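Descriptive structure summary
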Amino acid sequence: MSGGVNNSSTKTRRLLVRLALVVVYAGLMAGVFITGKGHTLILDNKDSEDGSIKAIESLSISVDGQDPIDLSAGDRDVAKVKGQGHRVEITVKDSQMVQHRITLPLKDETLLLSIPKLLAGQPAVSHFVPLDVAPPAGETNGNNNAFTSPGAISDPAATPGAPAAPGAPAAPAAPAVP
Amino acid sequence: MRSLKQFGADFGWPRIIIFFFLVALFFAAPAVGVRVDASLSDVFNRFGQNAFFVLALVPMIQSGCGLNFGLSLGIIAGLLGATLSVQCGLHGAVGFFGALVLSSPFAIVFGWLYGKLLNKVKGEEMTIAMYVGFASVMFMCIMWLLLPYTAPDMIWGYAGKGLRTTISVENYWFHILNRFGAIRIGPFFSFPTGEILFVIFGAFLMWLFLRTKTGTAMTAVGSNPDYARASGISVDKMRIISVIISTMLGAAGIIVYEQSFGFIQLYGAPLAMPFTAIAAILIGGASVKKASMLNVVVGAFLFQGLLTMTPSVINSWLQTDMSEVVRIVVSNGIIIYALTRKTKVSK
Amino acid sequence: MSGKRSFGRFLRENAVILLFLVITVLAIKPSGLSLVYIGQEMITRLGRDSFLVLALLLPIYAGMGLNFGMTLGAMAGQFGLILAINYNILGVNGLIFAALVSLPVSLLMGYVCGAVLNKAKGREMVTGYILAFFVNGIYQFVVLYMMGSVIPVRSRAIVLSRGYGIRNTLNLDSVRLSLDNLLAMHIGPFTFPIATFLVIAALCVFIVWFKKTKLGQDMRAVGYDMHVAEASGVPVDRTRIIAIIISTVLATIGQIIFMQNMGNMATYNAHDQTSFFAVAAILVGGASVKKATIPNVFIGVILLHVLFVVSPGAGQKLFGEAMIGEYFRQFIGYGVIALSLVLYAWRTRRETERLREGLRGGNMAAAAAAEGEAK
């Protein structure tokens, strides 16, 4: 590494380089995060809450060039998207295709897009509270692998008959595929 | 003050720390609802169960072969003996000693082959031992499925052939040692006298052996091979003898373990066992080059104590089952500590 | 006379590769698998596993043997992937995010591993192996107990039903095959994950370049002889730690690449086999504890994995039981590592004995021959 000639300037330079690296790191991570975050967009074709904007009778909507989805009045469907800004193409029955751009807020994962509001020029993207879905049953706590370590001995006080079929526990068994 | 420090350095600070930690756990136990007598009983039981494995490591350490990561070979020999004993329908004491006897020829042959292999790779014994052990266990997994065992207690129901993963010895020689002269105090405490006596007997024999001509020759080979060679001792022969003894003790060890645990565990079970023994002897103060009976007894006791008490106390305290994690961290942490200690001679 | 000798030497030095080729070829027919299937598996696995195996090169180069501690890097990578899934970052972004998030963890792990290995000179491989188990315990503590409770997790779907701790199997659909499919090329019946191959190629270029830098040369010196290197002013301990840090970071990235191909992560077990497969692969490819080249990596991955693909079927056909194929596969895996280590150790001893004999008897020719055999 560099000698002792210009110690303080080398130190400052090193510090700056390190700072720059940290900035790049943070920026890259933020960038990847923002452009990569997936959202579930619920496409809604219902009347607005106060009734001022009516649902459209029949329309076809395509998000980011995905397959178009047909919606009648009162329908809902789902589209999965990645990132924050999206192109939405709506073709109302017997009308021209209209294009809109929407920007999704970063925080929420599931969002509601009210198509009637969008067409009326109103803010259309809103937060959506999904029903709490219980994870599927049958998940036991953590790890069943007896050979997670040297030193994983069975407890003599524990129920006998615990070990399972040949090869499954207590063996560095290869996971299913490789 | 000086002598206290000296005592500490001699005895090994980690051992002292672990000892006090263990005592602390025993004091903490009732506070979190863990019965001290049941725990003590557990600790003694597990000590007796595992002591032979720890003892089995001594010959090879003394002869300079390092830590016997290939103890699985001895365990396999013992499993063969035990399964043969059940196959022959031997019960009680006959069954137990029968298993020991039946495993001996296997142990000797395995030990001899294994010893010859280690002689060819002096300097890299430990890693090779580990993988030879693993490969052998896997090979035996194939064998357990193919060998012509017929006893209905042992084989799979529908297929009609191939051994089960765990075979109960309840009807054969379960607790044959433990029950012998057992001291019971209350419903929770049972001291497995027979087992402990057997262990003491084994340790005593080893102690005697190390003082015989062969035993001293073996130690010489380990501590100073050039001197040993100059004195006319065959280094290779001594090493092979140490490996054979180690393998036989491993075989005896698994049979003692099985009579206490209640099950013969086949297939992948032997994979993890060498590591417990190694952790125990290292915590007992042994090094890669030197081990004594004190190391074995103290180490096995401290290690099993730790492994019994830490999970049960922490589980009761936190009201959650963290025993697996605690076990992993503790036992492996100990081995790493021992492996990273500076030894006088580097290799 | 010398022709016979060098043929014998060729056999000995490449014994493992040859043995593997023979067993593999013999096993193809009874396995019942088509060559196309085997071929595609080979291509997929090259993409999936090569990066991890490449991570082993530098520690070998620096004389630290087989870095069983690479599992630490794998665990860091998995931690990153859990976070990427948690925040629902899709596609390649998810992978990059995972890699970036795990980077500090990975660097720390590498440093710890390197420091511990420095204290266990001469016993690095065993220590690395045990260290992997030790850190596994810590990983489990973090992932099974702290995540969801102390560490907030947004996505309830990845949490166990008890309320905290990550589930046993994590569905990686959001990033599945994202790197592989980024630039997939179809030629005939085969699909090639070009993007993945490019990443691997980039790593190879990096390694070649790195070996030429001063740091790389330092590592080589340390690998050759620690004392001589120390005497020449090379900071031995520091160099060794850096080798391990690089290896750990590469293992992190490698594990992420591996996982995106698998599509599914066994949260608590996925990393158990990582070092085993990587070490087996590099040894099968002809590497030894002291010397490994990039071709070793690719040859090893192909040979090892083709055998792994055909052996279950072959075992079943030959023995009539599928389970035997599984055991056979693991037996071969462990056996090959043992065999390679034995051959290597045996060879080193013979060389030192030859050298010693040569010097003792004053026989320069014998000493020169021994020198020649010392790779």
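On to the overall build of chain A, then. When you go through chain A residue by residue, the secondary structure sums to 2 helices and 8 strands. Taking contacts inside chain A between residues at least 6 apart in sequence as the whole, the part at least 24 apart equals 52%.

Before going further, it helps to examine the interface of chain B and chain C. Residue-level contacts link 31 residues of chain B with 36 residues of chain C. Mapped by element, the contributors of at least two residues to the side of chain B that touches chain C are helix 5 (92-120), helix 6 (125-146) and helix 13 (323-339) of chain B. Here the element with the most residues in the side of chain B that touches chain C is helix 6 of chain B; it accounts for 13 residues.

It is worth spelling out the sheet that holds strand 3 (residues 69-72) of chain A at this point. Strands pair in a sheet through their backbones, by hydrogen bonds, and they do so in one of two ways: parallel or antiparallel. Residues and elements named next belong to chain A. In spatial order, the strands read 3-2-5-6; together these 4 strands make up an open sheet with antiparallel pairing. Of all the strands in the sheet, just strand 3 and strand 6 (97-103) have a single pairing partner and so form its edges. Averaged over all pairs of adjacent strands, the angle between strand axes in this sheet comes to 30 degrees, irrespective of strand direction. In this structure, strand 2 (residues 58-63) lies alongside strand 3, joined through 4 bridges in antiparallel fashion. Among the inter-strand pairings, Ser60 is bridged to a residue of strand 3, identified as Asp70.

What follows covers the confidence of the model for chain A. The predicted structure's coordinates, where accompanied by low pLDDT, should not be read in detail. Residues and elements named next belong to chain A. Averaged over every residue, the pLDDT of chain A is 70; residues scoring 70 or more account for 69%. Confidence, expressed as mean pLDDT per element, reaches its minimum in chain A at strand 8 (residues 125-127) with 79 and its maximum at helix 1 (residues 7-36) with 89. Below a pLDDT of 50 lies the segment residues 138-178, which in the model reaches 109 contacts outside its immediate sequence neighbourhood of four places, other chains included.

Let us now look at the domain arrangement of chain C. All names here are of chain C. Structurally, chain C comprises domain 1 (1-31 + 299-375) and domain 2 (47-284). The straight-line distance from the C-alpha centre of domain 1 to that of domain 2 is 27 Å. The interface of domain 1 with domain 2 comprises 12 residues on the first partner and 10 residues on the second. At the level of secondary structure, the elements contributing two or more residues to the side of domain 1 that touches domain 2 comprise helix 2 (15-31), helix 14 (294-319) and helix 15 (322-360). When residues of the side of domain 1 that touches domain 2 are assigned to their parent elements, the largest contribution, 5 residues, is made by helix 14. Here the side of domain 1 that touches domain 2 is composed, by residue class, of 8 nonpolar, 4 polar and no charged.

Quick look at helix 13 (residues 274-284) of chain C now. Residue and element names in this part refer to chain C. Across the 11 residues of helix 13, 11 count as buried, placing the element largely inside the fold. Three or more residues of helix 13 are buried, namely Thr274, Ser275, Phe276, Phe277, Ala278, Val279, Ala280, Ala281, Ile282, Leu283 and Val284. The first or second residue beyond helix 13 is Gly286, which carries a positive phi of 100 degrees.

The next thing to look at is the sheet that holds strand 7 (residues 110-114) of chain A. Residues and elements named next belong to chain A. Strands sit in the order 4-1-7-8 across an open sheet of 4 strands; the sheet is mixed. Either end of the sheet is taken by a strand with one partner, and the two such strands are strand 4 (76-82) and strand 8. Going from strand to strand, the sheet's axes swing by 30 degrees on average, the running direction of each strand aside. Bridge analysis of strand 7 against strand 8 gives 3 bridges, and the strand direction is antiparallel. Looking at the pairing, Leu113 lines up with Val125 of strand 8.

It is worth spelling out the environment of Thr310(B) at this point. All names here are of chain B. Residue position: Thr310 is located in helix 12 (residues 293-318). Exposure remark for Thr310: the 19 C-beta atoms within 10 Å place this residue in the partly exposed category. Taking the C-alpha atoms as reference points, Thr310 and Met322, 12 residues apart in sequence, are found 9.7 Å from one another. With residues up to four places along the chain from it excluded, the contact list for Thr310 reads Leu25, Val326 and Val330.

This part takes up unusual backbone geometry. Residue and element names in this part refer to chain C. Positive phi is not limited to glycine here, since Asn88 has a value of about 55 degrees. The residue Asn88 is located in the loop between helix 5 (70-86) and helix 6 (91-118) in this model. Its 20 C-beta neighbours within 10 Å are what place Asn88 among the buried residues. Even without glycine at this site, Leu177 takes up a positive phi of about 55 degrees. For Leu177, the location among the structural elements is in the loop between strand 1 (169-171) and helix 8 (178-182). Assessed through the 17 C-beta atoms surrounding it within 10 Å, Leu177 is described here as partly exposed.

Take the packing of helix 8 (residues 213-223) of chain B against helix 10 (residues 235-261) of chain B next. Residue and element names in this part refer to chain B. Across the interface, helix 8 lies against helix 10 with an axial gap of 9 Å and an inter-helix angle of 110 degrees. As judged from the angle between their axes, helix 8 and helix 10 are roughly perpendicular. Between helix 8 and helix 10, the contacting residues are Thr214, Ala217, Met218 and Val221 on the first element and Val235, Met238, Arg239, Ile241 and Ser242 on the second. Classifying every residue of the contact of helix 8 with helix 10 gives 6 nonpolar, 2 polar and 1 charged.

Our next topic: the nonpolar core. Grouped together as the largest cluster of nonpolar side chains are 250 residues, with contacts concentrated most on Leu57(B) and Leu56(C). Here this core spans two domains, and each of domain 1 (1-31 + 299-375) and domain 2 (47-284) of chain C adds at least three residues to it. Discounting chain neighbours no more than four positions away, the residues touching Leu57(B) are Leu67(B), Asn68(B), Ser246(B), Ala277(B), Ile278(B), Ile281(B) and Ala291(B). Residues Leu41(A), Ile56(A), Leu59(A) and Ile90(A) belong to the second largest nonpolar core, which totals 14 residues.

What counts as what
- Residues numbered from 1 in each chain as written.
- Chains lettered and ligands numbered in written order.
- Predicted model: local features only at pLDDT ≥ 70, side-chain atom pairs only at ≥ 80, totals over all residues.
- Helix = DSSP H or I, 4+ residues; strand = E, 2+ residues; numbered from the N terminus.
- Contact = placed C-beta atoms within 7 Å.
- Pairing = 2+ DSSP bridges.
- Axes fitted to C-alpha atoms, helices over the stretch in contact; angles between N-to-C directions.
- pLDDT = per-residue confidence, 0-100.
- Domains from an automatic or database assignment.
- Nonpolar A, V, L, I, M, F, W, Y, C, P; charged D, E, K, R; others polar.
- Buried ≥ 20, exposed ≤ 12 C-beta atoms within 10 Å, placed from the backbone.
- Parallel < 35°, antiparallel > 145°, perpendicular 65-115°, else oblique.
- Core = buried A, V, L, I, M, F, W, Y, C linked by C-beta atoms within 7 Å.

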